[in-house]
Amino acid sequence: MMSLQRAFQAIVLGLVGAAAAASAALALDVATPLVDPADAGEHRPSVGHSLFEQLFAVGSDGYAQVELPFPFAALLARIDAQLQRDPDSPLPPAKRVLIPLGRSLQRNAAAPDYFAYPRVVVAVDRPPAAAAALLLKDRLFIGYQEQSALLEIISYNEAAGRFEFQLVKDYRSGGKPRLVYANRSVCYACHQNGAPIFSRALWDETNANPKVAALLLASGQHFYGISPGRGIDVPYAIDNASERANAFSLMQRLWRDGCGAADASAQRCRAGLFSAALRYALSGSQSWTPDATFAQAVALPLRAQARRLWPGGLAVASADIANRNPLQGVDHWPTEAAARLALANVPARFDPLLPRPLERVWQADSPPALRQLVQGLAEFVAAPDRLLLASLLSRSSAVATRRLAISCRVDAAPAASRWSLRCAAPASALTGTLSLHGGRPTGGRLTRLLLPGGTALNGVELRVSGQATASAVALLPSVDGQPPRTADGDALALVEIQRRQPAANADRQSADDEGEATLLIRQEFAIVEQAIDRLLASSEAASLFGPTPFPRQKLFAALFAELGSAAPAPCCQVVKEPLAPPLPARAIAAAAASGSLTTASSAGTASAFADPTLRAFQPYCAACHQSDETFPPNFLHGSAAEVNARLRHCAPRLYVRLAMADVAPAQRAKTPMPPASMLPAFASDPQAWRSSPLRAGLLAQVEQWLRAETGQAPQLDTLLANGYEALRPCLPAH
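Now for a look at the structure at hand. Since we're looking at a predicted model, the values are computed, not measured.

### As for the overall build of the chain
Broken down by element type, the chain carries 25 helices and 21 strands. Taken over 734 residues, the chain has a buried fraction of 51%. Contacts in the chain between residues at least 24 apart in sequence constitute 68% of all its contacts with a sequence separation of at least 6. About 31200 Å² of surface is accessible on the chain, with carbon and sulfur atoms providing 53% of the total.

### Here we look at the layout of surface pockets
Taken as a whole, the second largest pocket encloses approximately 1100 Å³ of empty space. Broken down by element, the residue count for the lining of the second largest pocket peaks at 6 residues, all from helix α13 (residues 383-395). Classifying every residue of the lining of the second largest pocket gives 16 nonpolar, 10 polar and 8 charged.

### A word on the pairing of strand β16 (residues 428-437)
Residues S428, L430, G432, L434 and L436 point to one face of β16 and are all buried, whereas A429, T431, T433, S435 and H437, pointing to the other face, are not buried. In this sheet, β16 lies alongside strand β15 (residues 418-425) in antiparallel orientation, the contact comprising 8 bridges. In the strand pairing of β16, W419 is matched with L434. By the bridge criterion, 9 bridges tie β16 to strand β17 (residues 440-451) in an arrangement that is antiparallel. Its bridge partner lying in β17, S435 is registered against G443. A loop of 2 residues connects β16 with β17, the two strands running antiparallel in sequence, and G438 in this loop sits at a positive phi of about 65°.

### With respect to the sheet that holds strand β8 (residues 162-169)
The sheet built from 6 strands is open, its strands ordered β4-β5-β6-β7-β8-β9 with antiparallel pairing. Each edge of the sheet is formed by a strand with only one pairing partner; in this case those strands are β4 (94-99) and β9 (178-181). Across this sheet, the average inter-strand angle for adjacent strands is 20°, counted without regard to direction. Bridge count between β4 and strand β5 (residues 119-124): 6 bridges; the pairing is antiparallel. When the bridges of β5 are listed, L98 appears paired with V120.

### Observations concerning empty space enclosed by the protein
Scanning the entire structure with this criterion turns up 2 cavities of 30 Å³ or more. One number sums up the size of the second largest cavity: a volume of about 70 Å³. Forming the walls of the second largest cavity are I99, P100, G102, R103, S104, Q106, R107, Y114, Y117, P118, R119 and Q145. Looking at the lining of the second largest cavity, its residues break down into 5 nonpolar, 4 polar and 3 charged.

### Details of the packing of helix α9 (residues 264-282) against α13
In the contact formed by α9 and α13, the axes pass within 10 Å of each other and the chain directions differ by 90°. Considering their axes alone, α9 and α13 lie roughly perpendicular with respect to each other. Between α9 and α13, the residues in contact are L278, A281 and L282 and R386, L389, A390 and L393, respectively.

### Here we look at the packing of aromatic side chains
A full pass over the atoms with the stated rule returns 25 aromatic pairs. Here the aromatic rings of Y144 and Y224 are separated by 5.4 Å at their centres, their planes lie at 65°, and the arrangement is edge-to-face. Placement of Y144 in strand β6 (residues 140-145) and of Y224 in the loop between α6 (210-218) and α7 (233-246) is noted, with a sequence separation of 80 residues between them. Across this residue pair, the class does not change: Y144 and Y224 are buried.

### Details of the environment of F631
Counting through the fold element by element, F631 comes out in the loop between α20 (618-625) and α21 (640-649). Residue F631 is classed as partly exposed on the basis of its relative accessible area, which comes to 32%. Among all residues touching F631, those that are not within four sequence positions of it are L105, Q106, A109 and S148.

### Looking at unusual backbone geometry
Put simply, F631 and P632 share a cis peptide bond, and its omega is -5°. Positive phi, normally seen in glycine, also occurs at D170, with a value near 60°. With respect to the secondary-structure elements, D170 resides in the loop between β8 and β9. Here the phi dihedral of D480 falls at roughly 55°; this positive angle occurs in a residue that is not glycine. Assignment of secondary structure puts D480 in the loop between β19 (472-478) and β20 (491-499).

Conventions we followed
Residues numbered from 1 in each chain as written. Predicted model: local features only at pLDDT ≥ 70, side-chain atom pairs only at ≥ 80, totals over all residues. Heavy atoms only, no water. Helix = DSSP H or I, 4+ residues; strand = E, 2+ residues; numbered from the N terminus. Buried < 20%, exposed > 50% of the residue type's maximum accessible area, 1.4 Å probe, protein only. Contact = heavy atoms within 4.5 Å. Areas by Shrake-Rupley, 256 points an atom, 1.4 Å probe, with all protein chains shown as cover. 1 Å grid on protein atoms, 1.4 Å probe; cavity = no way out; pocket = protein on both sides within 12 Å on 5 of 7 lines; lining within 4 Å. Points joined across faces, edges and corners; volume = space filled by probe spheres on them. Nonpolar A, V, L, I, M, F, W, Y, C, P; charged D, E, K, R; others polar. Pairing = 2+ DSSP bridges. Axes fitted to C-alpha atoms, helices over the stretch in contact; angles between N-to-C directions. Parallel < 35°, antiparallel > 145°, perpendicular 65-115°, else oblique. Phe/Tyr/Trp six-rings, centres within 6.5 Å; stacked < 30°, edge-to-face > 60°.

That is the geometry; function is a separate question.
Below, the structure is given as structure tokens:
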């Protein structure tokens, strides 16, 4: 069997230019792919629940089920209520855009009235509003298409360390909304990192495009409280959220496998990573300079383990799809339905089914590798948890303090209204101003503070503590109402300014006096380290620091307990929902090849594939097209007669998709099927599939159906003369 690395190499080589391909091939030849899009995993998780389930769970007699507000604006309001608003922004906490001509499976659900019923895409990018609220930031993404009465949910499952793909069916007025797990094989065909995707700038499919916004406004419709006229700020925020979300799988892999197994040294390594992530979060994202303890307990074992497991690094695919302007060159929105359908067509070069190119390779020995890991793990520290931790530390009286003195120049004229501070020492610098009243400081601001170990603070507010004099003042520093912290995670408690040569000569026009700034630093982070050491020595160590997904809630509950405070009570109940999910793609391929594949959804489906002609399509199409869903078209679902009729009805599109493998990638009107990202599930790759007798057999069968229908052999150019969307759809109209 071709190695997965080689399969990825073949995919990338078929999609990028020669120079980029050579570079990508060199990297992929040795790097380990972080995610295999052909191996989506179990559709329904064996552990945990999605955050969406937890958010909307309602209990009754010990049984919790999902109950959703309707209409969609009410659901958005419910989500917004869980989130902290940005006081400096008019945008809602959950960002939303309108996409009338998009690339989702639901893209034709509103045809031809695309601008009357645009798809909505929602992403949460704000922290929780309260300590007990769920951490939804970068962990909840929703697509809504009113005409399908369907919600598409991508929602994080902390216990499983992955995003779940779910659908809410019958989401309409008078309906009975039902939450089900989606077919991950279908989802992974586009969401190849197992996470949300979004287009690159300038996001021309969205209402950030002035032409799109104008047509939405012209429709005269109201869109769930979402303004059609919107700049690029919202899609930019969604793009950033999706980028951060796509980093979670790398962080989880490194946490779970990077330190080793379950032995004491591996637990110490994970504990060190947790400590570093807390330090980074507490300090406001300052880059701490690791000490000898971190190097010994974390850096050395993690790098050694990474070299053994991933000698060429971990290859991370891009989360971005190409920017597409569906109205490029369109002066007027056509009135004919066929012309509108043509504009909804997604050319091959814009298809999210295209395998995503390599974005970067994480290598443990690269200088930024550990910093990237610590920063990524800090995304699992919720803002309320960080604030509670800071509050607990600030209350502790058993804290050592250190004083750091920095020599200064104090600039002020005799009648000046302020002092200007310029202070410097080895690896330290302080600049700022103090306001004066009656010659005495009344407050001020540090514009910049640099300290050894990586501390870099800007915009520190200063409030007078005690009695100020003309030559000395003690000041309480704050950033956003909290004591600022060094890169070590310690609190800057007090800033004392001493002016040694105050101006005494009224005739002097200026003064440039010597002085000294003394910083009082509470070494609070030592309390955190001691608490983590106690957890390492406790009976909980194996579950807190073992080779499992990052146990965020359990870790913080244990840490807060060690610090003398109970963790906030969970906000939500556990949903109980018995489902019979479809099989993963590899399992379907194996079962179909052995003739043992059946489904629970239709009694007639198993008998349908007694016919060898129909059975030939099953291994390569069943993962996506043998389901209860009509998006993508479920032409393999039903009895033998139904499957036969649907395959024949779909024959023009089947022929195009199968024949596209013979067309050079740059010349393709549509992407071939099966998608290139799924081919490794069939022990294949684009080149091997193109020359495969199996594909030739399928193509010959479809050609036979079309010849019987039209009396002549199908020609690709003829079929596509009016565009792919002009071909009859795969499913007959009902």
